[in-house]
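# Architecture at a glance
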Amino acid sequence: MFTTEFLDVPALRAVQGRVRLPGSKSISNRVLLLAALSEGATRVRGLLDSDDTRVMLQALAQMGCGVRRADGRADEVLIEGLGGRAPASPTRLFLGNAGTAMRPLTAALALLGGEHELSGVARMHERPIGDLVAALRRLGCRIEELGQPGFPPLRIAEAAGVPPLALDAPVRVRGDVSSQFLTALLLALPLAAREREVTVQVEGELISRPYIHITLALLERFGVAVQRQGWERFVIPEGSRYQSPGEVLVEADASSASYFIAAGALSAPEGGEGLVIEGLGLDAVQGDIRFVEAARLMGADVQGGSGWLRARRGAWPLKAVDLDCNHIPDAAMTLAMMALYADGPSTLRNIASWRVKETDRIAAMTAELRKLGAAVEEGADFIRITPPALAGGWRAASICTYDDHRMAMCASLAAFNPAALPVRVQDPKCVAKTFPDYFETLFAAARPARAVPVICIDGPTASGKGTLAAALAARLGWHYLDSGALYRATALAARQAGVALDDEAALARLAAALPLRFEAGRVWLDGRDVSEALRSEQTGMDASALAPLPAVRAALLNLQRGMARLPGLVADGRDMGTVVFADAPLKVFLTASAETRAERRYKQLAAKGISANIARLRDDLQARDARDASRAAAPLKAAQDALALDNSCLSIEQSVQQVLDWWQDRQPF
Ligand SMILES: O=C(O)C1=C[C@@H](OP(=O)(O)O)[C@@H](O)[C@H](O)C1
Ligand SMILES: C=C(OP(=O)(O)O)C(=O)O
C-alpha cells in the first residue's frame, strides 16, 4: 500500500494482462457476521483483507466469537459462531468508516443483548443511522445515541437482557437513505424468528436494491430463506435458525472491478487480449456487476464468463449517457470518470445517497472533475459532466480524495487523458478501506504513456547518495535502485561461481542474468538475502575491480533500465544521469567536502567498533575521487544538466526537501 502524502500517477496509455482482485467487501462483512451468528465453524476463503473487514473481525473477536486466521493467509479465516450464546459484554467496538459493520452490528447486538458502545471515525459519526435506530426502538430495543441524534456513536443498553420484542406488527424501516438499514434488520431478525414469523416492511422508495439481493442470497447460504414480496415486504419464516454452510468462497469485489473495466475501456488498442479480471464473472451475485451494462452503453468492449471478465476499448471516444444509477451507487463513480472521455455531456441520476457516504461524493466529484478541465453541474441527486475539450482542455491536477477510497481509485483513471498529463492523488492510503493494494495492482497492469520518471542521484563515495535516494523513494512511493549493489552483487556471484575478476566475458554473462531482487530494503540474490554480504570489505574491493570493465557495464545497463517501473524510480550511482538514464527529468550530483565525508565514514566505522584515522580516510577518499574521475569507462562526472547539491552543511531531511522542491518545480500541478 502507498502510505505517501501523495502519489503522482504518470500518464498511462494502456492496461494489459491479468489482474486478480480482492474479495467483495459487501459479501465479506455479511458472511463474517452470519458466521458469527451461526452454530458451528465457518471457513471463509477469498476474504477481503482491508480496513472494513478488519474492524468487523475485531468486533466479532471482542464479542466472543472464535476468529482464527489461516496460517500465512490474509484472505482466509475460520469463525466459530456464537450459536445462541450471549455475546461478551460490555464491549466498546470501533468500526472505522465501515457502513457494512456499523449498521448490521447495531441491529445484531440490539437483538443479542448486552452493553455495547459502537463508534467510528469522525465521518462515520456524520453518516445517518437514525432510521435503523428508530426501527429497533419501535421493536423495544434499548439504544442511545451518544452524540448527535440520528448518528453514531451509539450505546446498546441491554445489560439486563433483550427486552420483549414487539413482533406482532411488521417491523417498519425506511429504505430511502441507505439499504443497509434493511440489510441490518434482515441479518439480525432471524435471531428472533425461531418461534414466530417476522415481517419487515419498507417505508419510502428502497434505494440500492441489488445489495438486498446479496443479503438474501447469503441468508439462504446460512439456512434462512426470506420471502420477498416486491421491495416492500420481507417475511422471515418461523423456525429460522442460522446454520453454517461450513465453507464460503467470497467472489472478487465487483465495485473494485469497475476501475479495471474502465481502464480496459480507456486503453489504447494494442492488439492484445485487453485486460482480464479474475475472481468474478458476469454471473456475480453482487449488484455492481451491472456496471458492465453501463460501461457497454458507453462503448466499452466487455466480455465475460463464470469467474472472469475481459475489458478493452470498444467505441472511441466513449459515448455520452444519461443514466439512472440508483442500483449501482458505488460503481457509478467510475462512470463519472469515464464521462471525461465521452463524446458529449453525461448525466448520472438518482444518486442522492452519494451525499452521505465516505464523503459528500457529489460535491467531491464535482470539485475534482472541474480541476481536470471538465464542466460539471451538480444537483441534489444528480451530476452532469461535460468532458474537457480533447487534448487541449485537460489540465494536470492534484486530486483531493476526502478520505474516500473511491475518490482515490477514480482519480487514477484520469491518467489515461489524451494530453498525457500526470495526475496527483492526495492521501493514496485511503484505499485501505476496501483495496489496500489498488495502485500496485493498477501499476502492474499499466503501460505508461511516456518514459517512467526517474530521479538520478550521482556522486562520489560517502556523499550520502544511498541515504538520500532511499529517503526520496520512500517519500514519493517510488522504486529505488542502488546501482552500486548491482556491481557488488556481480562480484559476489562471481566469487561464488569461481569466475575470475578479469574474465570480462564470463563476468558480463553473469551480470546479464543476475537473479537479483530488491525488496523492503533487503537485497536477494538467487533467493538468498545478501544484504550484509554485499557490504563486506572484500565484496567492495571485488566490485571496484570489475566495475570498470565495459562488457560488465553494458550487461548491467539493461538490468538497470528495466528497474524504471511505475510509478517512478530513484536511482543512485555514478553514471545514472550520464549514461543509464540520460533522459531523466531530474538529475542531482551530490557532493560533500572530503573532510565531511571522511568524518561520516569515521563515525560509521566507530559505530561498528572499528577504529580508523580521519586524515587517512580523507586521503583515501580523495585518491578514489581522482581515480573515479579519470577512468576510461564511465568516469565519475556530473551530467551536464545535473543540479549540484553539496550536503556538507545539510541534514538528511534538508537534502531530501531540496530535491523534492526541485522535483516539484518540474511538475505541472
Ligand atoms: O450493503 C452494502 O454492502 C452496501 C450498500 C450500499 O450502501 P447504501 O445502501 O447506503 O447505498 C453501498 O453503497 C455500500 O458500499 C455497500
Ligand atoms: C459506501 C461505501 O461504503 P460503506 O460500506 O461504508 O457504506 C463504499 O464502499 O463506497
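Residues numbered from 1 in each chain as written. Chains lettered and ligands numbered in written order. Predicted model: local features only at pLDDT ≥ 70, side-chain atom pairs only at ≥ 80, totals over all residues.

## Let's talk about the site of ligand 1
What counts is decided by this rule: We call a residue near a molecule or strand when its C-beta atom, built from the backbone, sits within 6 Å of it. The numbering of helices and of strands both runs from the N terminus, where a helix is a DSSP run of H or I of at least 4 residues and a strand a run of E of at least 2. In this count, Pro and Cys sit with the nonpolar residues alongside Ala, Val, Leu, Ile, Met, Phe, Trp and Tyr, while Asp, Glu, Lys and Arg are called charged and the others, Gly among them, polar. Throughout the structure description, domain borders are defined by an automatic or database domain assignment.
Ligand 1 sits among 13 residues. The nearest are Ser26, Ser178, Ser179, Ser208 and Tyr211. Every element with two or more residues in the shell around ligand 1 is listed here: α3 (99-112) and α5 (180-188). Per-class residue counts for the shell around ligand 1 are three nonpolar, nine polar and one charged. Mapped onto the domain boundaries, the shell around ligand 1 takes at least three residues apiece from domain 1 (6-21 + 252-448) and domain 2 (25-240).

## What to know about the UniProt feature "active site" (unreviewed entry) in the chain
For clarity, the cut-off: UniProt positions are given in the numbering used here, feature names are shortened, and annotations may be inferred rather than shown by experiment. Exposure in this text rests on C-beta crowding, where 20 or more other C-beta atoms within 10 Å of a residue's own make it buried, 12 or fewer make it exposed, and counts in between make it partly exposed. The C-beta atoms are placed from the backbone. Throughout, a pair of residues is in contact if the C-beta atoms placed from their backbones lie within 7 Å.
Those residues carrying the UniProt feature "active site" (unreviewed entry) are Asp330 in this numbering. Structurally, aspartate 330 can be placed in the loop between β19 (322-324) and α9 (332-338). Under the C-beta neighbour-count criterion, aspartate 330 is labelled buried, with 27 such atoms within 10 Å. Dropping the residues within four chain positions of it, aspartate 330 is found in contact with Ser255, Asp288 and Arg406.

## Topic: the UniProt feature "binding site: 3-phosphoshikimate" (unreviewed entry) in the chain
The UniProt feature table records "binding site: 3-phosphoshikimate" (unreviewed entry) at Lys25, Ser26, Arg30, Ser178, Ser179, Gln180, Ser208, Asp330 and Lys357. Within the secondary structure, arginine 30 is located in helix α1 (residues 25-37). Ignoring any residue separated from it by four or fewer positions in sequence, one finds arginine 30 in contact with Leu187, Ile214, Thr215 and Leu218. Looking at the secondary structure, you find serine 178 in the loop between β11 (171-174) and α5. We classify serine 178 as buried; it has 24 C-beta atoms within 10 Å. Among residues more than four places away in sequence, those in contact with serine 178 are Pro128 and Ser353.

## Side note on the domain arrangement of the chain
Along its sequence, the chain is carved into domain 1 (6-21 + 252-448), domain 2 (25-240), domain 3 (452-478 + 567-669) and domain 4 (484-560). Taken together, the contact between domain 3 and domain 4 spans five residues of the former and six residues of the latter. Looking at the side of domain 3 that touches domain 4 residue by residue, the class counts come to three nonpolar, one polar and one charged.

## Brief notes about the packing of α3 against α5
Two numbers describe a pair of packed helices, the interaxial angle and the distance between the axes. Counted only if it meets this: For helices, the axis comes from a line fit to the C-alpha atoms of the stretch in contact; other axes are also lines fit to C-alpha atoms, and the angle between any two N-to-C directions lies between 0 and 180 degrees. For classification purposes, angles smaller than 35 degrees are called roughly parallel, those larger than 145 roughly antiparallel, those between 65 and 115 roughly perpendicular, and all remaining angles oblique. For any pair of crossing helices, the crossing counts as left-handed if the nearer helix is rotated counterclockwise from the farther one by less than a right angle, and right-handed if it is rotated clockwise.
Packing of α3 against α5 leaves a shortest axis separation of 8 Å and a crossing angle of 40 degrees. Between α3 and α5, the interaxial angle falls into the category oblique. Handedness of the crossing formed by α3 with α5: right-handed. Residues Gly99, Thr100, Arg103, Pro104, Thr106, Ala107, Ala108 and Leu111 of α3 form the contact with α5, whose participating residues are Gln180, Phe181, Thr183, Ala184, Leu185, Leu187 and Ala188. The residue makeup of the contact of α3 with α5, split by class, is nine nonpolar, five polar and one charged.

## Thoughts on the nonpolar core
Here is the rule we go by: A set of buried Ala, Val, Leu, Ile, Met, Phe, Trp, Tyr and Cys residues, joined to one another through C-beta atoms within 7 Å, is what we call a nonpolar core.
Counting 89 residues, the largest nonpolar core has Ile261, Ala262, Ala295, Ala336, Met338 and Leu413 as its most contacted members. Among the elements that make up this core, the one with the highest residue count is helix α7 (residues 254-266) (nine residues). Leaving out residues up to four positions away in the same chain, alanine 295 has contacts with Ile261, Ala262, Ala265, Ala300 and Val302. Grouped together as the second largest cluster of nonpolar side chains are 77 residues, Ile27, Val171, Ile212 and Phe234 included.

## So, the sheet that holds strand β30 (residues 528-529)
Test applied: Following DSSP output, two strands are said to pair if at least two bridges run between them.
Spatial ordering of the open sheet is given by β28-β29-β30, a layout of three strands whose pairing is antiparallel. The open sheet has two free edges, formed respectively by β28 (516-519) and β30, since each of these has just one partner strand. The pairing of β28 with strand β29 (residues 522-525) spans four bridges and is classified as antiparallel. The residue bridging glutamate 519 from the neighbouring strand is arginine 522, located in β29. Packing against the sheet, helix α15 (residues 483-497) makes contact with β28 and β29, and its axis sits at approximately 35 degrees to β29.

## Things to note about the packing of α5 against helix α6 (residues 210-221)
For the pair α5 and α6, the least separation of the axes is 10 Å and the interaxial angle reads 10 degrees. In terms of their interaxial angle, α5 and α6 are classed as roughly parallel. For the pair α5 and α6, the contacting residues are Leu182, Thr183, Leu186 and Leu187 in the first and Tyr211, Ile212, Thr215 and Leu219 in the second. When its residues are assigned to classes, the contact of α5 with α6 shows six nonpolar, two polar and no charged.

## Quick look at the sheet that holds strand β10 (residues 154-158)
Ordered by their spatial adjacency, four strands build an open sheet running β7-β8-β10-β9, and the pairing between neighbours is mixed. Bordering the open sheet on either side are β7 (91-94) and β9 (143-145), each of which pairs with just one other strand. Direction aside, neighbouring strands of the sheet carry axes that sit 20 degrees apart on average. Sheet topology note: the β9/β10 ladder contains three bridges and is antiparallel.

## With respect to the site of ligand 2
Contacts to ligand 2 come from Asn97, Ala98, Gly99, Thr100, Asp330, Lys357, Glu358, Arg406 and Thr434. For the shell around ligand 2, the per-class residue count stands at one nonpolar, four polar and four charged. Domain assignment of the residues forming the shell around ligand 2 places at least three in each of domain 1 (6-21 + 252-448) and domain 2 (25-240).

## Structural notes on the pairing of strand β20 (residues 346-349)
Side chains Ser346 and Leu348 project from β20 onto a buried face, and the interleaved Thr347 and Arg349 project onto a face without burial. As paired strands, β19 and β20 are joined by three bridges and run parallel to one another. Bridge pairing in β20 links aspartate 324 to arginine 349. Here β20 runs beside strand β22 (residues 382-386); their pairing, made up of four bridges, is antiparallel. Across the sheet, residue threonine 347 finds its bridge partner in β22, namely arginine 384.

## Concerning the pairing of strand β14 (residues 233-236)
A one-sided burial pattern is seen for β14, the buried positions being Phe234 and Ile236 and the unburied ones Arg233 and Val235. Pairing of strand β12 (residues 198-203) with β14, which is carried by four bridges, proceeds in the antiparallel orientation. Counterpart to threonine 199 in the pairing with β14 is valine 235. Sheet analysis places strand β13 (residues 227-229) next to β14, joined by three bridges and oriented antiparallel. Note that in β14 the partner of arginine 228 across the bridge is phenylalanine 234.

## So, helix α2 (residues 51-63)
The test is simple: Helices are assigned an expected span. That span is 1.5 Å times one less than the residue count.
With 13 residues, α2 extends 18 Å between its outermost C-alpha atoms, agreeing within 8% with the 18 Å of an ideal straight helix rising 1.5 Å per residue. The complete set of buried residues in α2 reads Asp51, Asp52, Thr53, Val55, Met56, Leu57, Ala59, Leu60 and Met63. The secondary structure elements touched by the buried residues of α2 are α1, β5 (66-69), β6 (76-80), β7 and α3. Among the residues trailing α2, glycine 64 stands out with phi positive, at a value near 105 degrees.

## With respect to unusual backbone geometry
The omega torsion across proline 152 and proline 153 is 0 degrees, close enough to zero to call that bond cis. Position of proline 153 relative to the elements: it lies in the loop between β9 and β10. Here tryptophan 316 and proline 317 are connected by a cis peptide whose omega angle stands at 0 degrees. Topologically, proline 317 is positioned in the loop between β18 (308-312) and β19. Despite not being glycine, alanine 420 shows a phi value in the positive range, around 55 degrees.

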